[in-house]
Amino acid sequence: QVQVVESGGGLVQAGGSLRLSCSASTRTSRNYHMAWFRQGPEKEREFVAAINYSGGLTSYADFVKGRFTIARGDAKNTVYLQMNSLYPEDTAKYYCAARNAIYGLGQRIHDYDYWGQGTQVTVSS
């Protein structure tokens, strides 16, 4: 069983920055790819960014390239999402997800088996 917990959401003005954190805890020694998805009001959940278990490979949605950065933390199975130049349309609940590293890095919702409860990000205009 893997428990995924996010933190770091909040309210920020347009143009501001936020840093989200996520950790995936497990009793096994397995490594996990990690990803961020988001779901805005009355929208479907969408891919934001992903990073492989070693941190050597990343993937981003086009709408966040150059603004958001995903990175692994020093602790195993931790990941951060640095979000800069935020727009009101970035307002959403952001979810962290984990995928067993025996598989490839994915961008689809069903690629990921373990999900956190989400953290709300609200960007005011």
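See above for the structure.
Quick look at the structure, then. (Residues numbered from 1 in each chain as written. Predicted model: local features only at pLDDT ≥ 70, side-chain atom pairs only at ≥ 80, totals over all residues. Heavy atoms only, no water.)

Strand-to-strand pairing in sheets goes through backbone hydrogen bonds, with the strands running parallel or antiparallel. Strand order across the open sheet formed by 4 strands is β1-β3-β8-β7, with antiparallel pairing between neighbours. The open sheet has two edge strands with one neighbour each: β1 (2-7) and β7 (68-72). Mean inter-strand twist for the sheet, computed between neighbouring axes without regard to direction, equals 15°. Bridge count for β7 against strand β8 (residues 78-83) is 5 bridges, and the pairing is antiparallel. Across the sheet, F68 pairs through a bridge with M83, a residue of β8. (Pairing = 2+ DSSP bridges. Helix = DSSP H or I, 4+ residues; strand = E, 2+ residues; numbered from the N terminus. Axes fitted to C-alpha atoms, helices over the stretch in contact; angles between N-to-C directions.)

So, about the pairing of strand β3 (residues 18-26). Of the pairings in the sheet, the one linking β1 to β3 comprises 6 bridges and is antiparallel in character. Residue pairing across strands places E6 opposite C22, the latter belonging to β3. Strand direction decides the pairing type here: β3 and β8, joined by 6 bridges, are antiparallel. What sits directly across from S21, in β8, is Y80.

This paragraph deals with the state of the cysteines. Counted according to the given criterion, the structure contains 1 disulfide. Covalent S-S linkage joins C22 and C96, the inter-sulfur distance amounting to 2.0 Å. With the S-S dihedral at roughly -85°, the linkage between C22 and C96 falls on the left-handed side. Taken as a pair, C22 in strand β3 and C96 in strand β9 (residues 92-100) lie far apart in primary sequence, 74 residues in all. The burial state of C22 is the same as that of C96; both residues are buried. (Disulfide = S-S within 2.5 Å. Buried < 20%, exposed > 50% of the residue type's maximum accessible area, 1.4 Å probe, protein only.)

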